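Breakdown of the fold
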Amino acid sequence: MIERPETAVCGLPYARSLEGYVGFANLPNQVYRKSVKRGFEFTLMVVGESGLGKSTLINSLFLSDLYSKEYPGPSLRIKKTVQVEHAKVQIKEGGVQLTLTIVDTPGFGDAVDNSNCWQPVVNYIDSRFEEFLNSESRVNRRQIADTRVHCCLYFIAPSGHGLKPLDIEFMKRLHEKVNIIPLIAKADTLTTEECYHFKKQIMKEIKEQKIKIYEFPNTEDEDDNKLVKKFKDCVPLAVVGSNLVFEVSGKKVRGRQYPWGVAEVENGDHCDFSILRNMLIRTHMQDLKEITNNIHYENYRSRKLAAVTGNGVDASKTKGRLTRSPLAEMEEERREHVAKMKKMETEMEQVFEMKVKEKKQKLKDSENEVSFSNHHPHPTSPLTLPYAFCTFLSL
């Protein structure tokens, strides 16, 4: 029997409990089956100077040779200028397929003058947003590939002295376009105390510069909140990547071999690699995608539509003021085209009139020459020959 509420709170009825099985409780299973069949997409961008272990970390995260001899890492493809390149790979685990796109930036931070080296990265992210917006505007929107950048892993050199000006400028340029997760690369080069103070210094500078990095969302579950707090306390994450396997205390582990021992990649006492992997893949991948769609993409979409419905100028330059509708813009373009055609027509008429005047003047000059020749014949002309001959005879 269905319990019916007598009153409602805020116009909404109380939740009703059912006696018996109806079936809509199976909706999550339907969504799950459909999602698994369709597969998942995720785009990960890695940015940092060459030699910080970006390729090794990506291979370690996904336990796959995404970077290999056939497709080497960014450090082995250093360019004179910053270029944005991407590689797509399909990974399957437990019947779930993930289409992973890795975006790297060979040449970033390796030049003597790094002015505007972030611009190709900004242009790439905007182009992905633009492509998705165009796909949504088409008539057929059944299959829209999501190529938007969902997360950016920014690698910070383990200098121990805080952020470089390039690090600050890059994150400030991108923090409103993509989810930024700062990482301390090659953390095994720092002692535990050095790493702790380095993290504090980085977070201090990030707050002073008002840089927005990825914020872990709070949940209603107490256990989840404890996990989120653990993640927040570890930011920026100090990571170590390695694909080499060593035997430590009778157990095979992945790590880096040193004279004093092995720095284990998946050991929480040695680095934050396990936290990064759990957060990025196991717990917060969907949240990263939702923030990209609901915040970063919506901001871009709003600016773009504001510019279209405005006067044709980027809304960021007009502070989002809407002045004209698309119809008014089309009418303005039509008027400009008509004015341009009239101007061209006037110029052509002027050229034609000038050519006609020149031709008339030329014909007039020719007539004057002919008339002058008839009234003033030349001494050697046939008309003067008899006179000359008679004069010769008289002599």
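Residues numbered from 1 in each chain as written. Predicted model: local features only at pLDDT ≥ 70, side-chain atom pairs only at ≥ 80, totals over all residues. Heavy atoms only, no water.

Remarks on the sheet that holds strand β7 (residues 180-184)
Rule in force here: By this definition, two strands are paired if DSSP reports at least two bridges between them. To qualify as a helix, a DSSP run of H or I must reach at least 4 residues; to qualify as a strand, a run of E must reach at least 2; elements of each kind are numbered from the N terminus.
Pairing within the open sheet is mixed, and its 6 strands lie in the order β4-β5-β3-β6-β7-β8. Each edge of the open sheet is held by one strand with a lone partner, namely β4 (85-93) and β8 (237-238). Alignment of strand β3 (residues 40-47) against strand β6 (residues 151-156), held across 4 bridges, turns out to be parallel. Within β6, the position partnered with Val 47 by the bridge is Tyr 154.

Brief notes about the packing of helix α3 (residues 119-136) against helix α4 (residues 165-174)
Under the convention used in this document: To define axes, lines are fitted to C-alpha atoms, for helices over the stretch in contact only, and angles between the resulting N-to-C directions are given on a 0 to 180 degree scale. Note that the term roughly parallel is reserved for angles under 35 degrees, roughly antiparallel for angles over 145, roughly perpendicular for angles of 65 to 115, and oblique for everything else. By the definition used in this description, the sense in which the near helix is turned from the far one sets the handedness, with an anticlockwise turn below a right angle giving left-handed and a clockwise turn giving right-handed. A contact between two residues is defined here by any heavy atoms of the two lying within 4.5 Å.
The contact between α3 and α4 brings their axes to 10 Å, and the two run at 20 degrees. Accordingly, the angle class assigned to the pair α3 and α4 is roughly parallel. In this structure, α3 meets α4 at a crossing whose hand is right-handed. Taking contact as the criterion, the partners of Val 121, Val 122 and Ile 125 in α3 are, on α4, Phe 170, Arg 173 and Leu 174.

Some thoughts on helix α6 (residues 222-234)
As a reminder of what qualifies: Under the convention used throughout, the expected extent of a helix is 1.5 Å for every residue step, that is, one less than its residue count.
Between its terminal C-alpha atoms α6 stretches 19 Å, which fits the 18 Å expected from 13 residues at 1.5 Å a residue. Tucked into the core, α6 has its buried residues touching α5 (192-208), β8 and α7 (273-283).

Quick look at the confidence of the model for the chain
Stated formally: Scored from 0 to 100, pLDDT records how confident the predictor is in each individual residue.
Per-residue pLDDT for the chain has a mean of 77; in total, 77% of the residues score no lower than 70. The least confident element of the chain, judged by mean pLDDT, is helix α9 (residues 315-318) at 47; the most confident is β7 at 91. With pLDDT under 50 throughout, residues 1-9 is counted as low confidence; its partners more than four residues away or in other chains account for 14 contacts. The low-confidence segment residues 315-323 (pLDDT under 50) makes 10 contacts with residues lying over four places distant or belonging to another chain.

Remarks on the nonpolar core
Note the threshold: Put simply, a nonpolar core is a bunch of buried Ala, Val, Leu, Ile, Met, Phe, Trp, Tyr and Cys residues held in one set by side-chain atoms that sit within 4.5 Å of each other. Relative accessibility under 20% of the residue-type maximum defines a buried residue, over 50% an exposed one, and the middle range a partly exposed one, all with a 1.4 Å probe and only protein chains included.
Counting 74 residues, the largest nonpolar core has Leu 153, Phe 170, Leu 276 and Leu 280 as its most contacted members. For this core, the element with the highest residue contribution is α3, accounting for 7 residues. Apart from residues no more than four positions distant in its own chain, Leu 153 is found in contact with Leu 44, Met 45, Val 46, Val 47, Ile 58, Leu 61, Ile 181, Leu 183, Leu 276 and Leu 280.

Here's the deal with a negative patch on the surface
Formally: Residues enter patches when they are more than 30% accessible in relative terms and free of salt bridges; like-charged ones are connected within 9 Å and nonpolar ones (Val, Leu, Ile, Met, Phe, Trp, Tyr) within 5 Å. Method for areas: the Shrake-Rupley scheme with a 1.4 Å probe, in which residue coverage is limited to the protein chains shown. Take a side-chain nitrogen of Lys or Arg and a carboxyl oxygen of Asp or Glu: if they are within 4 Å of each other, that pair is a salt bridge. For the purpose of charge, His is not counted, nor are the chain termini; Lys and Arg are scored as positive and Asp and Glu as negative. By convention, charge coordinates are those of NZ in Lys, CZ in Arg, CG in Asp, or CD in Glu.
On the surface, a cluster of negative charge is made up of Asp 221, Glu 222, Asp 223 and Asp 224. Relative to the elements of secondary structure, Asp 224 occurs in helix α6.

Details of the pattern of salt bridges
A full pass over the atoms with the stated rule returns 13 salt bridges. Two residues, Asp 146 and Arg 148, come together in a salt bridge whose shortest N-O distance is 2.8 Å. Neither residue differs from the other here; Asp 146 and Arg 148 are each classed as buried. Salt bridges linked by common partners bring Arg 254, Glu 266 and Arg 277 together as one network.

Considerations on the sheet that holds strand β10 (residues 251-258)
Taken together, 3 strands build an open sheet; the order of strands is β9-β10-β11 and the sheet is antiparallel. Looking at which strands have only one partner, the edges of the open sheet turn out to be β9 (245-248) and β11 (261-264). Ignoring strand direction, the axes of neighbouring strands in this sheet form an average angle of 70 degrees. In the sheet, β9 pairs with β10 via 4 bridges, with the strands oriented antiparallel. What sits directly across from Val 248, in β10, is Lys 251.

Remarks on the environment of Gly 109
Within the fold, Gly 109 resides in the loop between β5 (96-104) and α3. When the C-alpha atoms of Gly 109 and Glu 49 are compared, they prove to be 5.2 Å apart, with 60 residues separating the residues in sequence.

Points about the side chain of His 150
Test applied: Polar contacts here mean pairs of N or O atoms no more than 3.5 Å apart (in protein, one a potential hydrogen donor and the other a potential acceptor; neighbouring residues in sequence count only if both atoms are side-chain atoms).
Inspection of the secondary structure puts His 150 in the loop between α3 and β6. Within the structure, the side chain of His 150 is placed 3.0 Å from the backbone nitrogen of Thr 43, a separation counted as a polar contact. One polar contact links His 150 to Asp 146, side chain to side chain, over a distance of 3.0 Å. With residues near it in sequence (within four places) discarded, His 150 still touches Glu 41, Phe 42, Thr 43, Val 178, Asn 179, Leu 288, Lys 289 and Thr 292.

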